[in-house]
Amino acid sequence: MAGTHDEWLEQMETASRAKQQAFIDGLAAKLKRPRIVEPPHHPFRGAPDFWRSFEWPIEERIDRFGANFRAAGGYVERLADLEEAKRFIADKAAELGARHVVRQRQPELDAMGLEEALPQAQVKVWNSDGEDDWLARAAEADFGIVAADYAVAYTGSLAVLSSKDKGRSVSLLPTVLFALISIERLKTRIGEPLKELDRIGREQLPAGIHFISGPSRSADIENDLTIGVHGPGIVYALIIG
């Protein structure tokens, strides 16, 4: 019987390790090979050099991103400028009967004039009023509108970072999400935005970094796929430029 709590913990640790060793020894015996006790040698770490420098031309990036994003169930439109993006969103609002819209508080979105373009809808700007319940506003919204920080052609993903002006709920809770992607933010590989985030330093990283590849999807144990359970069921990626 252990005399102290520390002695009891030590005995439990010893017994646990003995059971672990016996289990692994049993596996090695069944495989008819000696147990490996040294960590394997890894001569290569991270992505190979050719992949670090790999980059598609901009038109191929656009084509690949579109194909991969659509394959995941999303929609992609290439638009000339923010004015054309505004008209596109206004047309969709009229088509779908959107009455509640929430958007990020970003300069490019401020410049679009969505409030005037959507007279039939109540457009809320994230965190513009400290008294409002912004989580509730996002949850009731028909449309959420964000400016993507990055997009990745190889995976068909867009990345949205959070801040006081860019609430996570804007991209996670509304029924339909519109993500505006400035063409210069469209990268080839996911390592490119990750490298830029690494350069920021962990102390300066945002609370949320969300990679979005099409609409929300969820499947149960029988693989019955359901769209829109944990987020927007419709996602538009609007490539600007």
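Residues numbered from 1 in each chain as written. Predicted model: local features only at pLDDT ≥ 70, side-chain atom pairs only at ≥ 80, totals over all residues. Heavy atoms only, no water.

## Considering the packing of aromatic side chains
Line of reasoning, step 1. With the rule as written, the count across this model stands at 11 aromatic pairs.
Line of reasoning, step 2. With a centroid separation of 5.0 Å and 75° between ring planes, the pair formed by tryptophan 51 and tyrosine 154 is classed as edge-to-face. Taken together, the positions of tryptophan 51 in helix 2 (residues 49–52) and tyrosine 154 in the loop between strand 5 (150–152) and strand 6 (157–161) put the pair 103 residues apart, joining distant regions of the chain.
Line of reasoning, step 3. What makes tryptophan 51 partly exposed here is its relative accessible area of 24%.
Line of reasoning, step 4. An aromatic cluster is built from Tyr75, Phe88, Phe143, Phe178 and Tyr236, whose rings are joined through pairwise contacts. (Phe/Tyr/Trp six-rings, centres within 6.5 Å; stacked < 30°, edge-to-face > 60°. Helix = DSSP H or I, 4+ residues; strand = E, 2+ residues; numbered from the N terminus. Buried < 20%, exposed > 50% of the residue type's maximum accessible area, 1.4 Å probe, protein only.)

## Re the pairing of strand 6
Line of reasoning, step 1. By the criterion of burial, strand 6 is predominantly enclosed, with 5 of the 5 residues buried.
Line of reasoning, step 2. Going residue by residue along strand 6, you find Ser157, Ala159 and Leu161 tucked away on one face and Leu158 and Val160 tucked away on the opposite face as well.
Line of reasoning, step 3. Bridge analysis of strand 5 against strand 6 gives 3 bridges, and the strand direction is antiparallel. In the strand pairing of strand 6, tyrosine 150 is matched with alanine 159.
Line of reasoning, step 4. Connecting strand 5 to the antiparallel partner strand 6 that follows it, the hairpin turn spans 4 residues, and glycine 156 within it adopts a positive phi of roughly 65°.
Line of reasoning, step 5. Both strand 6 and strand 9 (residues 209–212) contribute to a ladder of 4 bridges, which runs antiparallel. Along strand 9, the bridge assignment pairs leucine 161 with isoleucine 209. (Pairing = 2+ DSSP bridges.)

## A look at the sheet that holds strand 4 (residues 143–147)
Line of reasoning, step 1. Reading across the sheet, the 6 strands line up as 1-12-7-4-2-3 and stay open at both edges, with parallel pairing between neighbours. Because the sheet does not close on itself, it has two edges, and the strands there are strand 1 (75–79) and strand 3 (122–125). Looking at each pair of strands side by side, their axes are set apart by 20° on average, direction ignored.
Line of reasoning, step 2. The pairing of strand 7 (residues 176–182) with strand 12 (residues 234–240) spans 7 bridges and is classified as parallel. Its bridge partner lying in strand 12, leucine 177 is registered against valine 235.
Line of reasoning, step 3. Across the sheet, helix 3 (residues 58–71) touches strand 1, strand 7 and strand 12, and the angle it forms with strand 1 is around 155°.
Line of reasoning, step 4. Helix-sheet contacts for helix 4 (residues 82–96) involve strand 1, strand 4, strand 7 and strand 12, and the interaxial angle to strand 7 is about 170°. (Axes fitted to C-alpha atoms, helices over the stretch in contact; angles between N-to-C directions. Contact = heavy atoms within 4.5 Å.)

## Considerations on the layout of surface pockets
Line of reasoning, step 1. There is about 210 Å³ of room inside the largest pocket.
Line of reasoning, step 2. Every element with two or more residues in the lining of the largest pocket is listed here: helix 2 and helix 9 (191–200).
Line of reasoning, step 3. Tallied by class, residues from the lining of the largest pocket come to 2 nonpolar, 1 polar and 7 charged. (1 Å grid on protein atoms, 1.4 Å probe; cavity = no way out; pocket = protein on both sides within 12 Å on 5 of 7 lines; lining within 4 Å. Points joined across faces, edges and corners; volume = space filled by probe spheres on them. Nonpolar A, V, L, I, M, F, W, Y, C, P; charged D, E, K, R; others polar.)

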